[in-house]
Amino acid sequence: MRLSPIVTLNDVSFKYEREWVVKNVRLSIEPGQFLGLVGPNGSGKSTLIKLMLGLLKPDKGTIQLFGKPMKDFKDWKEIGFVSQKANSFNSGFPASVLEVVQSGLVSRIGTLRFFNRHHKAKAMEALRLVEMEEFAQSTIGELSGGQQQRVFIARALVSDPKLLILDEPTVGVDKKHVADFYELLRKLNDEQGITLLMVTHDIGTITEHATHVVCMNKSIHYHGASEDYKEFSDEELNSLYGHPVHKLTHNHEYDGVEHL
Ligand code: ADP
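- Under an unreviewed UniProt entry, the name given to the protein chain is Metal ABC transporter ATP-binding protein, and the organism recorded is Halobacillus salinarum.
- The record in UniProt for the protein chain states the following under Sequence similarities (unreviewed entry): "Belongs to the ABC transporter superfamily."

**With respect to the overall build of the protein chain**
Inference 1: Broken down by element type, the protein chain carries 8 helices and 10 strands.
Inference 2: Taking all 260 residues of the protein chain together, 48% fall into the buried category.
Inference 3: For the protein chain, the proportion of contacts with a sequence separation of at least 24, taken over those separated by at least 6, is 65%.
Inference 4: Of the roughly 13,100 Å² of accessible surface on the protein chain, a fraction of 49% belongs to carbon and sulfur atoms.

**What to know about the site of the ligand**
Inference 1: All residues adjacent to the ligand are Y16, V21, P40, N41, G42, S43, G44, K45, S46 and T47.
Inference 2: Contact between the ligand and G44: an oxygen atom at 3.1 Å from a main-chain N or O atom of the residue.
Inference 3: Within the side chain of K45, an N or O atom sits 2.9 Å from an oxygen atom of the ligand.
Inference 4: Burial of the ligand by the surrounding chains reaches 56%, relative to a free accessible area of 560 Å².
Inference 5: A total of 3 residues in the shell around the ligand trace back to one element, the largest contributor, which is helix α1 (residues 45-52).

**A short note on helix α4 (residues 145-157)**
Each full turn of the α-helix corresponds to 3.6 residues, which orients residues three or four apart in the same direction.
Inference 1: The terminal C-alpha atoms of α4, which comprises 13 residues, lie 18 Å apart, in line with the 18 Å expected from a rise of 1.5 Å per residue.
Inference 2: The buried fraction of α4 amounts to 10 of the 13 residues, a majority that puts the element mostly inside the structure.
Inference 3: Of the residues making up α4, those classed as buried are G146, Q148, Q149, R150, V151, F152, I153, A154, A156 and L157.

**Focus on helix α5 (residues 178-190)**
Inference 1: For α5, which comprises 13 residues, the first-to-last C-alpha distance of 18 Å matches the rise-based estimate of 18 Å (1.5 Å per residue) to within 8%.
Inference 2: For α5, the set of buried residues is V178, F181, Y182, L184, L185, K187, L188 and N189.
Inference 3: Summarising the contacts, the buried residues of α5 are in contact with β3 (34-38), α3 (117-129), α4, β7 (163-167), β8 (195-199) and α6 (203-209).

**Considering the sheet that holds strand β4 (residues 60-65)**
Inference 1: The 4 strands are arranged β2-β1-β4-β5 in an open sheet whose pairing can be described as antiparallel. The outermost strands of the open sheet, each flanked by one partner alone, are β2 (20-29) and β5 (68-69).
Inference 2: In this structure, strand β1 (residues 7-15) lies alongside β2, joined through 6 bridges in antiparallel fashion. Directly across from V12, in β2, lies its bridge partner V25.
Inference 3: Packed on one face of the sheet, α1 meets β1, β2 and β4 and runs near 60° to β2.

About the thresholds
Residues numbered from 1 in each chain as written. Predicted model: local features only at pLDDT ≥ 70, side-chain atom pairs only at ≥ 80, totals over all residues. Heavy atoms only, no water. UniProt positions renumbered as here; feature names shortened; annotations may be inferred. Helix = DSSP H or I, 4+ residues; strand = E, 2+ residues; numbered from the N terminus. Buried < 20%, exposed > 50% of the residue type's maximum accessible area, 1.4 Å probe, protein only. Contact = heavy atoms within 4.5 Å. Areas by Shrake-Rupley, 256 points an atom, 1.4 Å probe, with all protein chains shown as cover. Near = heavy atom within 4 Å. Polar contact = N/O pair within 3.5 Å; in protein donor to acceptor, adjacent residues only side chain to side chain. Expected span 1.5 Å × (residues − 1). Pairing = 2+ DSSP bridges. Axes fitted to C-alpha atoms, helices over the stretch in contact; angles between N-to-C directions.

Dropping the structure here:
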């Protein structure tokens, strides 16, 4: 039996005010994929994620989650989200790493008033997955940006989601730890079977790690396997986009449709 796509967007369009920010987006995320979502600043990536999370409603089109129309979908613990600003706690913030991870259970359960042994065990298991269990009692603000990011991934993993959405997770991660960070994401995808959707500027690196890539600028310009994307010559990209573009190599920022 074929599993339903995890997310399906059917011709989704959205505008905050007058201008369309997301235009006619058709996209399916299949179980097991590691999808990199790239596009210039202001191209609608974060808005698309908010639409998938039900935080915004499409003006046109429909969204299905795990095969169900958005309005009938209730199982939000199946989707973990790590937002862009997650890893910017200052050093005085009075919460331990364990408390931060356990708070991932509170937001799902809502009425939870105290944590029992089971909750602590779940949080420790999530910290083990991101290789941060030895920091369980540390204060969150004492950790580096990259370590905090791992803790926030653990917080998102504590409810055993099938889909993990990450918005620019490498921002604030020290350059020398970015490779380890991708390694962690690969492990979650390969070994834990978690489907990943990651927004990033870094198209050079994401095509090395993700299974699939989506390039958007309001509408989708490319969606396909990373391997196929890497094979495109400049001429093929020109015809794909209808005007001259240059494919970026490693460690370049994807800063516009002219520089794909
Ligand atoms: P990206 O994540 O690709 O940088 P965004 O989805 O954040 O793009 O933004 C897409 C466009 O929508 C931008 O022009 C941005 O200024 C605009 N925008 C984003 N959030 C809001 C908002 N809350 N109200 C009005 N316009 C917004």
